[in-house]
Amino acid sequence: MTLDSSWQRQNRMKNSVLFFTAGTSPTDMRHIALMVSSLRTFGGVLAEAPVWVFTTDMQAARQVGTANTRPVLLEAADRLPAYPFSRKVAACALAEQLAPPGTGSLVWIDPAILVVQPPVGFDLGEDYDAAFRPVHIRNVGLPPAEPLDAFWKGIYAAADVNDIPTTTTSFVDGQLLRSYFNSHSFSVNPALGLMQRWNNL
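What you are looking at is a predicted structure, and each value in this text was computed from that prediction instead of being measured. (Residues numbered from 1 in each chain as written. Predicted model: local features only at pLDDT ≥ 70, side-chain atom pairs only at ≥ 80, totals over all residues. Heavy atoms only, no water.)

A few words on a nonpolar patch on the surface. Taken together, Leu 34, Leu 114 and Val 116 make up a surface patch of nonpolar side chains, about 330 Å² in accessible area. In this structure, Leu 34 sits in helix H2 (residues 26–42). (Patch = residues over 30% accessible without salt bridge, like charges linked within 9 Å, V, L, I, M, F, W, Y side chains within 5 Å. Areas by Shrake-Rupley, 256 points an atom, 1.4 Å probe, with all protein chains shown as cover. Salt bridge = Lys/Arg side-chain N within 4 Å of Asp/Glu carboxyl O. Helix = DSSP H or I, 4+ residues; strand = E, 2+ residues; numbered from the N terminus.)

Listed below in structure tokens is the structure:
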């Protein structure tokens, strides 16, 4: 890669990658402040990328207090569906809807995550539509030879698929599993509307 093309790629990443997260409690905001600080310190070319904090408490979100970090109002919890992670799904859909033109990589990052090296794997560039990391451990994952259990049958039914022929390997315990990915951090191309579809399931 030439110096010019490297600079062009870095400049494009700065302008096309947008991080976002969600939280409401004081504990959430302390975690988010640490996460954003770690991104600013160890994020390399993405250290100054914008970070949106979705919340029902705008005053609390303003306490995160770093440059290029923006609080965004999320619907009150009592208006969201009563299931786990509904706030996260709502934030993902809203971030996708609000992402400015030119955003090529919309990166969800959980409040409890710390960035310890430049997260350039989340930059989708022009070749990919999404980036997910395999799960840490097997947990509820299924080896490919095992039939779908009730949990995964429900997931596949919601996604309107009979099966997924791909596999992945959990990166801590090394288990070969039917595709099963970590939702603590991931990147999508907002132009595809994947988060809107997730929210509408």
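Read on for the rest.
Think of a sheet as strands paired side by side through backbone hydrogen bonds, with each pair either parallel or antiparallel. The strand order S3-S2-S1-S4-S8-S5 describes an open sheet built from six strands, whose pairing is mixed. Looking at which strands have only one partner, the edges of the open sheet turn out to be strand S3 (69–73) and strand S5 (130–134). Each strand axis lies, on average, 25 degrees off the axis of its neighbour in the sheet, ignoring direction. With four bridges connecting them, strand S1 (residues 17–22) and strand S2 (residues 51–55) associate as parallel partners. Looking across to S2, one finds that Phe 19 is bridged to Val 51. Sitting on the sheet, H2 is in contact with S1, S2, S3 and strand S4 (105–109), with an inclination near 170 degrees to S2. (Pairing = 2+ DSSP bridges. Axes fitted to C-alpha atoms, helices over the stretch in contact; angles between N-to-C directions. Contact = heavy atoms within 4.5 Å.)

Okay, the packing of aromatic side chains next. Scanning all chains against the criterion turns up nine aromatic pairs. Relative to Phe 54, the ring of Phe 20 has its centre 5.9 Å away and its plane inclined at 80 degrees; by these criteria the two rings are edge-to-face. Taken together, the positions of Phe 20 in strand S1 and Phe 54 in strand S2 put the pair 34 residues apart, joining distant regions of the chain. Exposure remark for Phe 20: the relative accessible area of 1% places this residue in the buried category. Ring centres of Phe 132 and Phe 181 lie 6.1 Å apart, and the angle between their planes is 45 degrees; on these two criteria the pair is classed as tilted. Of this pair, Phe 132 sits in strand S5 while Phe 181 sits in strand S8 (residues 181–188); the two residues are 49 residues apart in sequence, bridging distant segments of the chain. What makes Phe 132 partly exposed here is its relative accessible area of 41%. What links up through ring pairs into an aromatic cluster is the set Phe 20, Trp 52, Phe 54 and Trp 108. (Phe/Tyr/Trp six-rings, centres within 6.5 Å; stacked < 30°, edge-to-face > 60°. Buried < 20%, exposed > 50% of the residue type's maximum accessible area, 1.4 Å probe, protein only.)

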